[in-house]
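So you can see what is in the structure, the chains are spelled out below.
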Amino acid sequence: MELIASHLSDLVLIARQIIDFAGDYKIWIIKGDLGAGKTTLIKYLCDEMDVVDSVSSPTFSLINEYQTAKGETIYHFDFYRIETEKEAENLGSEEYFYSGEFCFVEWPEKIPNLIPEQYLEISINFISNKRKFYLTRYGSEDIRDRAVD
Ligand SMILES: Nc1ncnc2c1ncn2[C@@H]1O[C@H](COP(=O)(O)OP(=O)(O)O)[C@@H](O)[C@H]1O
Ligand SMILES: [Mg+2]
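Notes on the structure in this doc start here. Treat the numbers as computed from the prediction; the structure is a model and nothing was measured.

Bringing the pairing of strand S6 (residues 119–127) into the picture now. Two strands pair when backbone bridges link them, and strand S2 (residues 27–31) and S6 are joined in this way by four bridges, in the parallel orientation. Bridge pairing links Ile-30 to Ile-122 in S6. As defined by bridge partners, S6 adjoins strand S7 (residues 130–138) across nine bridges and the pair is classed as antiparallel. Opposite Phe-126, over in S7, you have Arg-131 as the bridge partner.

The following block contains the structure:
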């Protein structure tokens with residue numbers, strides 16, 4: 001699925017569409033250059049999921065934890081600053097990934113071997129003031145989830 005935002009306000013609807021597309025997927029990896037809008041998208045996703053905590057970039061903390069009004073937990077990771085996958089392992093990343101809770105991951109490229117088999121990939125492309133969001137669900141038997149060129 002492909003979505004386009006020309007304005008920040010477009011993210012409200014985009015967040016809704018992403019949540020619907022995600023279905024029961026709990027691991028959402030968000031790819032994109034610095035400044036592409038990964039953290040911003042996560043803020044809108046969290047708003048739409050009724051997160052009661054304030055959402056911020058875990059660039060320094062590496063992991064933030066949020067609760068929704070329904071009592072769900074969301075773990076928000078940013079692996080930009082790590083040098084090796086071992087560092088992510090030492091943070092207990094896999095315990096979070098296999099906890100059954102939501103995990104939103106910025107810079108998943110840093111931990112290719114730690115990402116579970118089933119995940120939603122959101123790839124953000126920022127060109128001429130427009131953000132394009134490409135969504136693919138991986139690790140499903142469902143042929144409808146396969147990426148199409
Ligand atoms: N869809 C968008 N429309 C307009 N501005 C955006 C959008 N997404 C992000 N921004 C702006 O771009 C800047 C970088 O966004 P950020 O989410 O921090 O990027 P990243 O986490 O990918 O490094 C912020 O100032 C943010 O307000
Ligand atoms: Mg960020």
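That covers the picture; the talk isn't over yet.
As a structural note, the neighbourhood of ligand 1 is formed by Ala-5, Leu-8, Leu-11, Gly-32, Leu-34, Gly-35, Ala-36, Gly-37, Lys-38, Thr-39, Thr-40 and Arg-131. Considering each element in turn, the shell around ligand 1 owes the most residues, three residues, to helix H2 (residues 38–48). Across the shell around ligand 1, the residue classes break down as five nonpolar, five polar and two charged.

A large share of S2 lies buried, amounting to four of its five residues. Sheet topology note: the S2/strand S5 (residues 102–106) ladder contains four bridges and is parallel. Across the sheet, residue Ile-30 finds its bridge partner in S5, namely Glu-106.

So, how was this worked out
Residues numbered from 1 in each chain as written. Chains lettered and ligands numbered in written order. Predicted model: local features only at pLDDT ≥ 70, side-chain atom pairs only at ≥ 80, totals over all residues. Pairing = 2+ DSSP bridges. Helix = DSSP H or I, 4+ residues; strand = E, 2+ residues; numbered from the N terminus. Near = placed C-beta within 6 Å. Nonpolar A, V, L, I, M, F, W, Y, C, P; charged D, E, K, R; others polar. Buried ≥ 20, exposed ≤ 12 C-beta atoms within 10 Å, placed from the backbone.

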